[in-house]
Amino acid sequence: MLNAEKYYDELAKQQERQAQEYLKKIGRHAKVSLSYVEKQPLNISVQAMNHFLRMLSSDPFLNECPDWLGTREVVEQGIRYVYETSQNKTNDGRDVVTLRKMKEDGTVIDMRQYVIEENKLKRIK
């Protein structure tokens, strides 16, 4: 039987080093950490969030976007993309959730915007 705990710390350090080396190779600078990173949730009602989560099953694009405020990176067919979820307000104070798929250079490939109305997300773009 292997004693995984005995080697965990060294393996974690190796993973972090490899990730840091990869980022350096592609010209990126970012913090690398295997420990849990707190995510900032969307600031919408529970009902609106439940509606958003139900929408995920019907739209593959939404499935790739984070269900928190921030970004996640994926490699698709050898190309690195950034999926981003952000939130702001309309001029009349309604919440707007924006979901984007971008190339590494920030070029937007796909974007969806939803306004929160009656605890549901209504697509506006």
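Our structure is the block above this text.
Structure report, in brief. Within any chain, residue numbers begin from 1 and follow the written order of that chain's sequence. Local features in a predicted model are, by the rule used here, given only for residues with pLDDT of at least 70; side-chain atom pairs are given and counted only at 80 or more, and totals for whole chains, interfaces and linings are based on all residues. As a convention, hydrogens and water are excluded, and side-chain values are obtained from all of the structure's heavy atoms.

**A short note on the overall build of the chain**
Summing up its helical and strand segments, the chain has three helices and six strands in all. Taken against the 2.2 N^0.38 rule, which gives 14 Å for 125 residues, the C-alpha radius of gyration of the chain at 18 Å runs more than 25% over that of a compact globule. Dimensions of the chain along its principal axes, counting C-alpha atoms only, are 55 × 35 × 25 Å. The criterion used for residue contact is that any of the two residues' heavy atoms lie within 4.5 Å. A sequence separation of at least 24 residues applies to 28% of the contacts in the chain between residues at least 6 apart. Surface summary for the chain: the accessible area is close to 9100 Å², and the carbon and sulfur share equals 49%. His is not counted, nor are the chain ends; Lys and Arg add positive charge and Asp and Glu add negative charge. For charged residues, the charge sits on one atom: NZ in Lys, CZ in Arg, CG in Asp, CD in Glu. Counting 21 positive and 19 negative side-chain charges, the chain places the centres of these two groups 2 Å from one another. Secondary structure elements follow DSSP: runs of H or I no shorter than four residues count as helices, runs of E no shorter than two count as strands, and numbering proceeds from the N terminus. All radius of gyration figures rest on C-alpha atoms, and the globule criterion is 2.2 Å times the number of residues raised to 0.38. We get accessible surface area from the Shrake-Rupley algorithm with a probe of 1.4 Å; when it comes to residues, only the shown protein chains can shield them.

**Things to note about the pairing of strand E2 (residues 68-76)**
Of the strand pairs in this sheet, strand E1 (residues 40-41) and E2 are connected by two bridges, and their pairing is antiparallel. Paired with Gln-40 across the bridge in E2 is Leu-69. Of the strand pairs in this sheet, E2 and strand E3 (residues 79-89) are connected by seven bridges, and their pairing is antiparallel. Bridge pairing in E3 links Val-74 to Tyr-81. Linking two consecutive strands that pair antiparallel, namely E2 and E3, is a turn of two residues; a positive phi of about 50° is found at Gln-77 within it. At least two DSSP bridges between two strands are needed for those strands to be called paired.

**Focus on the nonpolar core**
Ranked by internal contacts, the top residues of the largest apolar core, which has 18 residues, are Phe-52, Leu-62, Leu-99 and Leu-121. Of all the secondary structure elements, the ones that give two or more residues to this core are helix H2 (46-55), helix H3 (60-64), E3, strand E4 (95-103) and strand E5 (108-117). It is H2 that contributes the most residues to this core, four residues altogether. In contact with Phe-52, not counting residues within four places along its chain, are Leu-42, Leu-62, Asp-67, Leu-99 and Leu-121. To define a nonpolar core, start from buried Ala, Val, Leu, Ile, Met, Phe, Trp, Tyr and Cys residues and group those joined through side-chain atoms within 4.5 Å. Each residue is assigned to one of three classes by its accessible area relative to the maximum for its type, calculated with a 1.4 Å probe on protein chains only: buried under 20%, partly exposed between the two thresholds, exposed over 50%.

**Some points on the layout of surface pockets**
Cavity means a closed set of points on a 1 Å grid over the protein atoms alone, one where a 1.4 Å probe fits but cannot get out, pocket means an open set with protein on both sides within 12 Å along at least 5 of 7 lines, and lining means a residue has an atom within 4 Å of a point. Grid points are joined across faces, edges and corners, and a volume is the space filled by probe spheres set on the points. Considering only enclosed or pocket space, the largest pocket measures out at about 510 Å³ in volume. Around the largest pocket, the lining is made up of 20 residues, and of these Lys-31, Val-32, Ser-33, Val-37 and Thr-71 lie nearest the centre. The set of elements that each furnish at least two residues to the lining of the largest pocket consists of helix H1 (4-25) and E2. With six residues, the single largest contributor to the lining of the largest pocket is E2. For the lining of the largest pocket, the class distribution of residues is eight nonpolar, five polar and seven charged. Polar here means any residue outside two lists: the nonpolar Ala, Val, Leu, Ile, Met, Phe, Trp, Tyr, Cys and Pro, and the charged Asp, Glu, Lys and Arg; Gly therefore counts as polar.

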